[in-house]
Amino acid sequence: MFPRPTPVPPPEERALVHPDVDRAFIGALVRDFYGRVRADSRLGPIFAAEIQGDWNPHLEKMTDFWCSVILKNGAYSGRPVPAHLKLKQVQESDFDIWLGLFRETAEARCPPGVAEIFIDRAERIARSLKLAMFFRLDARPAE
Ligand code: HEM
């Protein structure tokens, strides 16, 4: 009998192991990104309406989230879909702005080869959030 080959999980399910990418690195990236979001004329007011006063709890939660996504350390245990479903003023095109700022931040801060990983994960999650928020089967019969 031959041993069964060990199944290799897809890249998005594997932890990134890189000497520079730890919680401190991710926390700084998150703070830089939300600085850009808050300065954006379209996204800034959407976030300002939801987060009044102290931004630190949100920034810590988002650091947990990105540590879970990238380092697979289980730091985040929230539910992003309901948090976004209640944001009635968000349009599908706002995700392009969000992703553009995220890409800029990741490219500015990450060591070689790492920005692509953050951006790929962000795009996948954005796609599933957009499906949850905007996808509707059109029930009308074709004309
Ligand atoms: C136009 C796009 C987006 C807008 C306007 C938006 C806005 C928001 C707002 C206002 C909150 C609530 C903040 C709070 O009360 O703490 C939030 C939470 C969150 N967002 Fe987004 N978001 C967007 C896209 C994304 C994307 C693409 C991701 C992931 C890659 C993401 C991940 C999260 C997570 C993990 C939370 C915390 C949910 C929880 O556990 O409470 N968001 N977002």
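As a reminder, the structure under discussion sits directly above these lines.
Rules behind the numbers
- Residues numbered from 1 in each chain as written.
- Predicted model: local features only at pLDDT ≥ 70, side-chain atom pairs only at ≥ 80, totals over all residues.
- Helix = DSSP H or I, 4+ residues; strand = E, 2+ residues; numbered from the N terminus.
- Buried ≥ 20, exposed ≤ 12 C-beta atoms within 10 Å, placed from the backbone.
- Contact = placed C-beta atoms within 7 Å.
- Near = placed C-beta within 6 Å.
- Nonpolar A, V, L, I, M, F, W, Y, C, P; charged D, E, K, R; others polar.
- Core = buried A, V, L, I, M, F, W, Y, C linked by C-beta atoms within 7 Å.
- Axes fitted to C-alpha atoms, helices over the stretch in contact; angles between N-to-C directions.
- Parallel < 35°, antiparallel > 145°, perpendicular 65-115°, else oblique.
- Left-handed = near helix turned anticlockwise from the far one by under 90°.

Observations concerning the overall build of the protein
Here's step 1: Tallying secondary structure elements over the protein gives six helices and zero strands in all.
Here's step 2: Projected onto its principal axes, the C-alpha coordinates of the protein cover approximately 60 × 50 × 25 Å.
Here's step 3: Per-residue burial over the protein gives 13% buried out of 143 residues.
Here's step 4: Sequence separation of 24 or more characterises 73% of the internal contacts of the protein that already satisfy a separation of 6 or more.

A short note on the site of the ligand
Here's step 1: Surveying the vicinity of the ligand reveals 22 residues, the closest of which are G78, A83, D94, I125 and A126.
Here's step 2: Looking at the shell around the ligand, the elements that each hand over two or more residues are α2 (43–50), α3 (56–71), α4 (80–85), α5 (94–109) and α6 (115–134).
Here's step 3: Classifying every residue of the shell around the ligand gives 15 nonpolar, three polar and four charged.

Thoughts on unusual backbone geometry
With the exception of glycine, the majority of residues adopt a negative phi angle, and the majority of peptide bonds are in the trans configuration.
Here's step 1: A positive phi angle, near 55 degrees, is found at K72, a position not held by glycine.
Here's step 2: Tracing the chain through its elements places K72 in the loop between α3 and α4.
Here's step 3: Classification of K72 by C-beta neighbours within 10 Å gives partly exposed; the count is 13.

Brief notes about the nonpolar core
Here's step 1: Core analysis: the biggest nonpolar cluster contains 15 residues, and I26, L29, V30, W66, I70 and F102 have the highest contact counts within it.
Here's step 2: It is helix α1 (residues 23–39) that provides the largest number of residues to this core, a total of five residues.
Here's step 3: Apart from residues no more than four positions distant in its own chain, L29 is found in contact with T105, A106 and R109.

Quick word on the packing of α1 against α5
Here's step 1: Where α1 contacts α5, the two axes come as close as 9 Å, and the packing angle between them is 140 degrees. In terms of axis orientation, α1 runs oblique to α5. Crossing geometry of α1 relative to α5 is assigned as right-handed. Contacts between α1 and α5 pair L29, D32, F33, R36 and V37 from the former with L101, F102, E104, T105, A106 and R109 from the latter.

A closer look at the packing of α1 against α2
Here's step 1: Interhelical geometry of α1 versus α2 gives an angle of 105 degrees and a closest axis separation of 5 Å. Judged on the interaxial angle alone, α2 and α1 are roughly perpendicular. Between α1 and α2, the residues in contact are V37, R38 and A39 and L43, G44 and F47, respectively.

A word on the environment of F33
Here's step 1: Looking at where F33 falls in the secondary structure, it is placed in helix α1.
Here's step 2: Assessed through the 23 C-beta atoms surrounding it within 10 Å, F33 is described here as buried.
Here's step 3: Taking C-alpha positions, F33 is 19 Å from A75, a pair spaced 42 residues apart along the chain.

Focus on the environment of R42
Here's step 1: Within the secondary structure, R42 is located in the loop between α1 and α2.
Here's step 2: Linking R42 and I97, residues 55 residues apart in sequence, is a C-alpha distance of 8.4 Å.
Here's step 3: Setting aside residues no more than four positions away along its own chain, R42 makes contact with D94 and I97.

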